[in-house]
Amino acid sequence: MTKSNSLSSSRLPHQGLRRFQRALMATCIAASAAAIALSISGTAVAADKIPANNVTKPKLVVVLVVDGLPQEQVQRYRDQFGQGGFRRLLDQGAWFSDSHQAHGVTVTAVGHAAVLTGAYPYQHGIIGNEWIDRASMSSMYCTQDAAYTYLNEETKSSDGTSPANLRVSTLGDELRYSNGNLSKVVTVSGKDRGAILLAGKTGTAYMYMGKSGNFATSTYYQKENPEWVKTFSAAKPQDRFYGKQWKPLLPAPAYANDAPDNSPGMAAVVDNRSGFPFIYGSDSGQPDANYYGKLPYSPYLDELTLDFARAAIDGEKLGRNPAGVPDVLGISLSSHDYINHSFGPESRMSHDHLQRLDRLLASFFDDVEKRVGLENTLIVLTADHGFPNVPEFSQSQKRDAQRLNTAKLMSDVNDHLSEKFGLKNLVLKFSFPSLMLDYPSIDQKGLKREDVESAIARFLSNYPGVANTYTRTQLSNGNLPDSRQAKLMQRGWNQQVSGDVMIVTKPYWYFGSGTTGTSHGSPYNYDTNVPLMIMGKRWIKPGAYAEYAEVVDIAPTLAHLLHVRPPSGSEGRVLNEIIKVDAVK
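In short, a report on the structure. None of these values were measured; they are calculated from a predicted model. (Residues numbered from 1 in each chain as written. Predicted model: local features only at pLDDT ≥ 70, side-chain atom pairs only at ≥ 80, totals over all residues. Heavy atoms only, no water.)

**Describing the sheet that holds strand β17 (residues 501-505)**
Neighbouring strands of a sheet are bound in pairs by backbone hydrogen bonds; such pairs are parallel or else antiparallel.
Part 1: Here four strands make up an open sheet; going across it, the order is β14-β15-β17-β16 and the pairing antiparallel. This sheet does not close on itself; its edge strands, each paired only once, are β14 (427-431) and β16 (466-471). Between one strand axis and the next, the sheet turns through 25° on average, direction left out of account.
Part 2: For strand β15 (residues 434-437) and β17, the ladder comprises two bridges, and the chain directions are antiparallel. Note that in β17 the partner of S434 across the bridge is M502.
Part 3: Along the sheet, helix α18 (residues 484-491) contacts β16 and β17; its crossing angle with β16, the most-contacted strand, is approximately 50°. (Pairing = 2+ DSSP bridges. Helix = DSSP H or I, 4+ residues; strand = E, 2+ residues; numbered from the N terminus. Axes fitted to C-alpha atoms, helices over the stretch in contact; angles between N-to-C directions. Contact = heavy atoms within 4.5 Å.)

Written as structure tokens, this is what we have:
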């Protein structure tokens, strides 16, 4: 079996023990050699006389996450890219075609958490965008923390304000630990979870505010905004898009293979339109919350996010750290996700947005060259998840594709359990993609939880749209089929936080009660296969790589190049095949 079709033993949790054993052996050998040398010379070299490692580290590491970008779109549209954006990364960097978010719950928060922790959800604890808290049976948002509020912005109790639910360290945390917090780690995103989960515990996250159009941080990070943020906000750059029209960038023939505008299943957004052109305004005749709430469904939020990133480079002197240490800039670009949810990756809108993003990235890279120098910068680009097509489009391609209504599924399961066990509503909640059971009722009746789980699994084995189920008992005991899907789902399940029966839809189906749009979250390749590109001419060997790679490989690879320890839960591998021989000594 080839590596791309299976998960090697090096991907399993016990790999850390093997690394430790190898490191311990190497240390013993080195110590013995040092002792022999000392006995021969009779002289020890003082620590302060040992020459420092003169290998140049990156001055700035830029980590870009394009929310909701499937690998297939990069390949499908690459001939239309300009020279300075995606093409620069593809031609001058290392690009992996068989790269994956290798867990089974492919949603924004989980994918972002993987990028700089190098960990899977069973370790990092972020099992979804939100989940049901077992103790209270209420919804828990992935980055919510009522102890903190946004600076100068309205804050609700469920808003994302801190990384409290993230259980492991990030690359930025380890970099700052290595040099006494001298390195700066700054992140920005159109979504709070995109910024917070890249920033880790000790970085600083800024996120777009849908009511004001500002980028804000929270009191978890600092008590007052720095001057550069105040200056950026005072200029109101978000208002320059008011009244602007988004229409296709390229000539009409360039979109000939895309699904037509207003196709069945496409959602109506921005003044109830599901096709070009889109105009960004409001009923009030001036920028307001209604207008700011539309910007995510446009190329303009990404443009604004990159402008804020430029301001961060200047304001924080990123890449020009006075202490001479590397800095990290994390940028999560959110609009592609909003657009794909609404129209699907087959749409002209998705196609055009990617072309516009390509030009925005080219301009940003040029500015990094001017400010820091690309020869001093290591750039990573990946995505948090991919995307399936809109079900109606998939149906037109002769695929079995629909939306699976979770409320109806729960009702049907509960009716079956009531008939079998004589108890009503044994399934209390749906915590994507799992069912949560009523433990007190099950225990009071003297039933075995395992029996209830198994009854659900048997019932759903013939349920429309359901491919497989994985029960808590199976996942806890590791009693799973020897398949890639089972391993991905186990990685996505956390014993303390997750539900009792995980459900995998059939390919091209997804959980949803609406009648338009599409969504991700499955273990299928269209959701897991995402770009992984790394560029840095001093450290990286350019080329297209067919080797299997995972997003969790980014963090240990960067740690290797920065000479810091990998994040605490990292299980990725160092992508040694792309590293120049003399890059790290």
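**Description of the nonpolar core**
Part 1: Counting 101 residues, the largest nonpolar core has L64, F86, I331, F364, L558 and I578 as the members making the most contacts within it.
Part 2: Looking at which element gives the most residues to this core, the answer is helix α10 (residues 300-315), with nine residues.
Part 3: Each residue touching L64, except ones within four places of it in the same chain, is listed here: I331, L333, L361, F365, I379, V380, L381 and T382. (Core = buried A, V, L, I, M, F, W, Y, C linked by side-chain atoms within 4.5 Å. Buried < 20%, exposed > 50% of the residue type's maximum accessible area, 1.4 Å probe, protein only.)

**Details of the pattern of salt bridges**
Part 1: Taken as a whole and assessed by the stated rule, the structure comprises 29 salt bridges.
Part 2: Among the salt bridges present, the one from R310 reaches D367, with a minimum N-O distance of 2.5 Å. Taken together, the residues R310 in helix α10 and D367 in helix α12 (residues 348-371) connect sequence positions 57 residues apart. Per residue, the accessibility class of R310 equals that of D367, and both read buried. (Salt bridge = Lys/Arg side-chain N within 4 Å of Asp/Glu carboxyl O.)

**Quick notes on helix α6 (residues 171-178)**
Part 1: With six of its eight residues buried, α6 lies for the most part within the structure.
Part 2: Inspection of α6 places L171, G172, D173, E174, L175 and R176 among the buried residues, and these make up the whole buried set.
Part 3: Here the buried face of α6 lies against α4 (108-117), β6 (185-189), α7 (192-199), β11 (327-333) and α20 (554-562).
Part 4: Positive backbone phi, at 70°, marks G180, one or two positions downstream of α6.

Everything listed is a geometric property; what it means functionally is a separate question.
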